[in-house]
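Chain by chain, the residues run as shown.
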Amino acid sequence: MDLRQDYGYVWRPSVVVSAGWAPYQVGRWVWMAGDYVWVSYEPWGWMPYHYGRWAFVVSVGWCWVPPVHGAIYWGPGFVGWVYTPTYVAWVPLAPGEMYYGHGYYGPTASTSRT
């Protein structure tokens, strides 16, 4: 799928996902080496959760945006964490988004994608 205007080429899962599917729902977080690591139960889940980012595009839904050539590195899961006295939640971060804490996230000053 080509969304070059915003992200370049992207990938969208089309098999084994339901209408209300969103990233980081089918799996679990595991504490490993000092960080929470996302372990997906989806058969295709390793690459898109640890390399690149997920973005929601209104016209097509959730899409995986691969990292820019030369900027490929592994991550435990690209999400922003939200903590309250009664729950813990997370939100997928799109390319160029950074999590600032307390539920605030958005684009960084940089235009580079991760």
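These figures come from a predicted structure and were not determined experimentally.

Undergrad: I'm lost on the nonpolar core in this one. Help?
TA: Nonpolar side chains in soluble globular proteins tend to be buried together. In terms of nonpolar packing, the biggest core is built from 11 residues, these being W21, Y24, W29, W38, W44, Y49, W54, W64, F78, V79 and W81. Once residues lying within four places of it in the same chain are set aside, the contact partners of V79 are Y24, W29, W90, V91, P92 and L93. V10, V57, C63 and A94 belong to the second-largest nonpolar core, a separate cluster that totals 7 residues.

Undergrad: Even after reading the chapter, I still don't get the environment of A94, so can you show me in this structure?
TA: Relative to the elements of secondary structure, A94 occurs in the loop between β8 (88-92) and β9 (97-101). Placed 16 residues apart in sequence, A94 and F78 show a C-alpha to C-alpha distance of 8.3 Å.

Undergrad: What is the right way to look at the packing of aromatic side chains in this model?
TA: Any two aromatic rings considered together are summarised by their centre-to-centre distance and by the angle between their planes. On inspection of all chains with the given rule, the structure shows 21 aromatic pairs. Centroid distance W44 to W54: 6.3 Å. Interplanar angle 55°. Geometry classified as tilted. Residue W44 is located in the loop between β4 (35-40) and α1 (46-50), and its partner W54 is located in strand β5 (residues 53-57); the two are separated by 10 residues in the primary sequence. The residues W44 and W54 share a single accessibility class, namely buried.

Undergrad: Would you mind showing me how to read the pairing of strand β7 (residues 79-83) here?
TA: Remember that side chains alternate between the two faces of the sheet whenever the strand is regular. In this sheet, β8 lies alongside β7 in antiparallel orientation, the contact comprising 5 bridges. Following the sheet pairing, G80 is matched in β8 by V91. Between the end of β7 and the start of β8, which pair antiparallel, lie 4 residues.

Undergrad: I would appreciate a short explanation of the confidence of the model for the protein in the present structure.
TA: Predicted coordinates in areas of low pLDDT are best not read in detail. Averaged over all residues, the pLDDT of the protein is 79; the fraction at 70 or higher stands at 81%. Per-element confidence in the protein is highest for strand β3 (residues 27-32), whose mean pLDDT is 92, and lowest for strand β10 (residues 104-107), whose mean pLDDT is 53. Under a pLDDT of 50 for its full length, residues 109-114 has, in the predicted model, 11 contacts with residues more than four places off or in other chains.

Undergrad: Please clarify how the environment of A71 should be interpreted in this entry.
TA: Mapped onto the elements, A71 comes out in the loop between β6 (61-65) and β7. Residue classification places A71 among the partly exposed residues on the basis of a relative accessible area of 24%. Sequence spacing of A71 and Y51 is 20 residues, and the spatial spacing of their C-alpha atoms is 9.8 Å.

Cut-off values and rules
- Residues numbered from 1 in each chain as written.
- Predicted model: local features only at pLDDT ≥ 70, side-chain atom pairs only at ≥ 80, totals over all residues.
- Heavy atoms only, no water.
- Core = buried A, V, L, I, M, F, W, Y, C linked by side-chain atoms within 4.5 Å.
- Buried < 20%, exposed > 50% of the residue type's maximum accessible area, 1.4 Å probe, protein only.
- Contact = heavy atoms within 4.5 Å.
- Helix = DSSP H or I, 4+ residues; strand = E, 2+ residues; numbered from the N terminus.
- Phe/Tyr/Trp six-rings, centres within 6.5 Å; stacked < 30°, edge-to-face > 60°.
- Pairing = 2+ DSSP bridges.
- pLDDT = per-residue confidence, 0-100.

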